[in-house]
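Here's the letter readout for the chains.
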Amino acid sequence: MHLVPADRAGHRTIDGHRVCEAIAAIGDTEHVRSWAERFSLLADPGRLALLLALHRAGPLAVSDLAVATGMRDPAVSQALRLLRTAGVVTGDKDGRVVRYRLVGDGMRPLLDECAAADHEEPTAAAG
């Protein structure tokens, strides 16, 4: 059980080799934390709807996002503020209009998967 940290080395295990495999699968705790934060951003339906809209349609203003998502402007602004703080979106000013867009590629695979799952044909229930 060479991967077990010293502070857990004295704990009883049933399948030591699987414990080591599990520790290897978990990997760096900072990496896990980073992904957990990404998933937490997606956990809110409003934020997820905003991200999906930006992912598919490209840069949009707050009022346009409100219409697209069915949210109110203040709720959109609040969600965008959180997403901007997290480094997921940014706003580009064009005169008096600010259009928001996704930043980087970190969320794109998750949003692709989410969008694809929404357009799949429902499967018949197994009987």
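This is a predicted model, so every value here is computed, not measured. (Residues numbered from 1 in each chain as written. Predicted model: local features only at pLDDT ≥ 70, side-chain atom pairs only at ≥ 80, totals over all residues. Heavy atoms only, no water.)

Student: What is the right way to read the pairing of strand 2 (residues 89-94) from this model?
Tutor: In summary, the side chains of a regular strand alternate between the two faces of the sheet. Sheet topology places strand 2 next to strand 3 (residues 97-102); six bridges connect them, and they run antiparallel. Bridge pairing in strand 3 links Val89 to Leu102. Hairpin connection, strand 2 to strand 3: the antiparallel pair is bridged by two residues, and Gly95 has positive phi, about 70 degrees. (Pairing = 2+ DSSP bridges. Helix = DSSP H or I, 4+ residues; strand = E, 2+ residues; numbered from the N terminus.)

Student: Teacher, can you tell me more about the nonpolar core here?
Tutor: If you look at the biggest cluster of nonpolar residues, it comprises 21 residues, and the most contacted ones within it are Leu51, Leu54, Leu65, Leu80 and Val89. If you tally residues by element for this core, the top one is helix 3 (residues 45-57), at five residues. Leaving out residues up to four positions away in the same chain, Leu51 has contacts with Leu42, Leu83, Val88, Val89, Leu102 and Leu111. (Core = buried A, V, L, I, M, F, W, Y, C linked by side-chain atoms within 4.5 Å. Buried < 20%, exposed > 50% of the residue type's maximum accessible area, 1.4 Å probe, protein only. Contact = heavy atoms within 4.5 Å.)

Student: So what exactly am I meant to see when it comes to the sheet that holds strand 3 here?
Tutor: Note: strands within a sheet are paired through backbone hydrogen bonds, in either parallel or antiparallel orientation. In spatial order, the strands read 1-3-2; together these three strands make up an open sheet with antiparallel pairing. Sheet topology places strand 1 (60-61) and strand 2 at the edges, where each strand pairs with a single neighbour.

Student: Hey, could you run me through the packing of aromatic side chains in this one?
Tutor: Ring pairs (aromatic) are described by centroid distance and by the angle formed between their planes. Evaluated as defined, the whole model comprises one aromatic pair. With a centroid separation of 5.9 Å and 40 degrees between ring planes, the pair formed by Trp35 and Phe39 is classed as tilted. Of this pair, Trp35 and Phe39 both sit in helix 2 (residues 29-42), four residues apart, which is roughly one turn of the helix. Accessibility expressed as a relative area gives 28% for Trp35, which makes it partly exposed. The partly exposed category is assigned to Phe39, whose relative accessible area is 44%. (Phe/Tyr/Trp six-rings, centres within 6.5 Å; stacked < 30°, edge-to-face > 60°.)

Student: Looking at this model, I keep getting lost on the layout of surface pockets. Mind explaining?
Tutor: Which parts of space are left empty comes out when a probe the size of a water molecule is rolled across the atoms. The space that makes up the largest pocket amounts to roughly 210 Å³. Of the residues belonging to the lining of the largest pocket, the class tally is five nonpolar, five polar and three charged. (1 Å grid on protein atoms, 1.4 Å probe; cavity = no way out; pocket = protein on both sides within 12 Å on 5 of 7 lines; lining within 4 Å. Points joined across faces, edges and corners; volume = space filled by probe spheres on them. Nonpolar A, V, L, I, M, F, W, Y, C, P; charged D, E, K, R; others polar.)

Student: Honestly, the side chain of His55 in this entry has me stumped. Any pointers?
Tutor: Assignment of secondary structure puts His55 in helix 3. Those residues in contact with His55 that lie beyond four places of it in its chain are Leu102, Arg108, Leu111 and Asp112.

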